[in-house]
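The residues making up each chain are set out below.
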Amino acid sequence: MSLLQGKVALITGASRGIGRAMARRFAEEGAQVAFTYLSSVEKGQALEEELSAFGGKVKGYRSDASEYKAAEELVNQVLTDFGSLDVLVNNAGITRDGLLMRMSEEQWDAVINVNLKSVFNLTKAAIRPMMKAKAGSIINLTSVVGIRGNAGQANYAASKAGIIGFTKSVALELGSRNIRSNAIAPGFIETEMTGEINEKALEEWKQSIPMKRGGQPDEVADCALFLASDLSRYITGQVLQVDGGMLT
Ligand code: NAP
């Protein structure tokens, strides 16, 4: 199958975890893949080489998604290098956890800037070529935590809830231009982001999930593939939970 043949996709934060799995899945399905990384320079470069084996054009860019100007420059560079932009995946994200009582302004600002402002930055830059092409699919990584909240993650939950409001607003504004905007809300996915959770808490999380296990990055990537492809051509403004039933 080549569900993304002829499409150009830009994925932020693809050096590791879910972003990396999405970049791989998209390349497997025939997409030309532009992706970003920030601190994991070697991993980013290695991914470019790995994905080139699928035969399509692939390019990694070192770019900070939280910087407005950098996002604008990135999208312009992608357009120069690839010629068009059909799919934008806003995946870059961080956590800086702590109870509100102890949460610093720096912890708050870092998470809001990297997780939420980045979505504004990249989407603002990407809709210009998408409007011209009268087509586009924007996919934003939110979280079950953005739906339910989580003690110790007020900053992260606020950023992810903000992404849901943003996603739905963009769907309402740009539906008539054939630009779709959807969000994916993963539950507990086994990546470096969740790797720091202690063994006991991890087991408790898993037991609270109807499917009794954590998810894999590939399982989120398959959902992103669906939203990026024409299989979802009449779906916009939605939040798809990939959580093993966690919030059911
Ligand atoms: P991860 O393994 O920690 O990877 C995060 C990625 O984001 C890395 O590639 C990192 O790149 C990149 N990144 C961080 N700050 C960046 C910035 N300022 N500019 C550009 N890239 C940046 O995380 P993950 O688990 O794959 O999570 C991916 C997304 O899914 C996040 O938005 C996360 O909130 C969301 N999510 C994850 C889970 C989960 O259980 N894992 C659950 C719900 C939602 P460098 O290393 O190169 O800096």
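The name given to the protein chain in an unreviewed UniProt entry is 3-oxoacyl-[acyl-carrier-protein] reductase, with the source organism recorded as Nibrella viscosa. Check the Sequence similarities (unreviewed entry) section of the UniProt entry for the protein chain; it says "Belongs to the short-chain dehydrogenases/reductases (SDR) family." The protein chain has a UniProt comment under Subunit (unreviewed entry) that states "Homotetramer."

With that out of the way, let us pick up the side chain of Thr-191. Relative to the helices and strands, Thr-191 is located in the loop between strand E6 (179-186) and helix H7 (199-207). The class for Thr-191 is buried, based on a relative accessible area of 18%. In this structure the side chain of Thr-191 is engaged in a polar contact, spanning 3.1 Å, whose partner is the backbone nitrogen of Met-193. The contacts of Thr-191, once residues within four sequence positions are left out, are Gly-17, Ile-18 and Pro-217.

Neighbouring residues of the ligand: 31 residues in total, closest Ser-39, Ser-40, Asn-91, Tyr-156 and Thr-191. The contact in question runs from an oxygen atom of the ligand to an N or O atom on the backbone of Ile-18, over 2.8 Å. The backbone of Ala-65 places a nitrogen or oxygen atom 3.0 Å from a nitrogen atom of the ligand. Contact with the protein chains removes 96% of the 900 Å² of surface that the ligand exposes when unbound. Elements represented by at least two residues in the shell around the ligand include exactly helix H1 (17-28) and helix H6 (154-174). Each residue belonging to the shell around the ligand can be placed in one class, and the counts come to 14 nonpolar, 13 polar and 4 charged.

The rules behind the values
Along every chain, residues carry numbers that run from 1 in the direction the sequence is written. Whole-chain, interface and lining totals are the exception, using all residues; otherwise, since this is a predicted model, local features are given only for residues with pLDDT of at least 70 and side-chain atom pairs are given and counted only at 80 or more. The side-chain numbers reported here are obtained from all heavy atoms of the structure, hydrogens and water having been left aside. UniProt positions are given in the numbering used here, feature names are shortened, and annotations may be inferred rather than shown by experiment. Only DSSP runs of H or I covering at least 4 residues are called helices, and only runs of E covering at least 2 are called strands; the numbering of each starts at the N terminus. Burial classification: accessible surface area is computed with a 1.4 Å probe over protein chains only, and a residue below 20% of its type maximum counts as buried, one above 50% as exposed, and the rest as partly exposed. Between N or O atoms, a polar contact is any pair within 3.5 Å; within protein, one atom must be a potential hydrogen donor and the other a potential acceptor, and residues adjacent in sequence are included only when both atoms are from side chains. A contact between two residues is defined here by any heavy atoms of the two lying within 4.5 Å. A molecule or strand has a residue near it when one of that residue's heavy atoms lies within 4 Å. Per-residue and other accessible areas follow the Shrake-Rupley method at a 1.4 Å probe size, with only the shown protein chains counted as cover for residues. Each residue receives one of three labels: charged for Asp, Glu, Lys and Arg, nonpolar for Ala, Val, Leu, Ile, Met, Phe, Trp, Tyr, Cys and Pro, and polar for the others, Gly being one of them.

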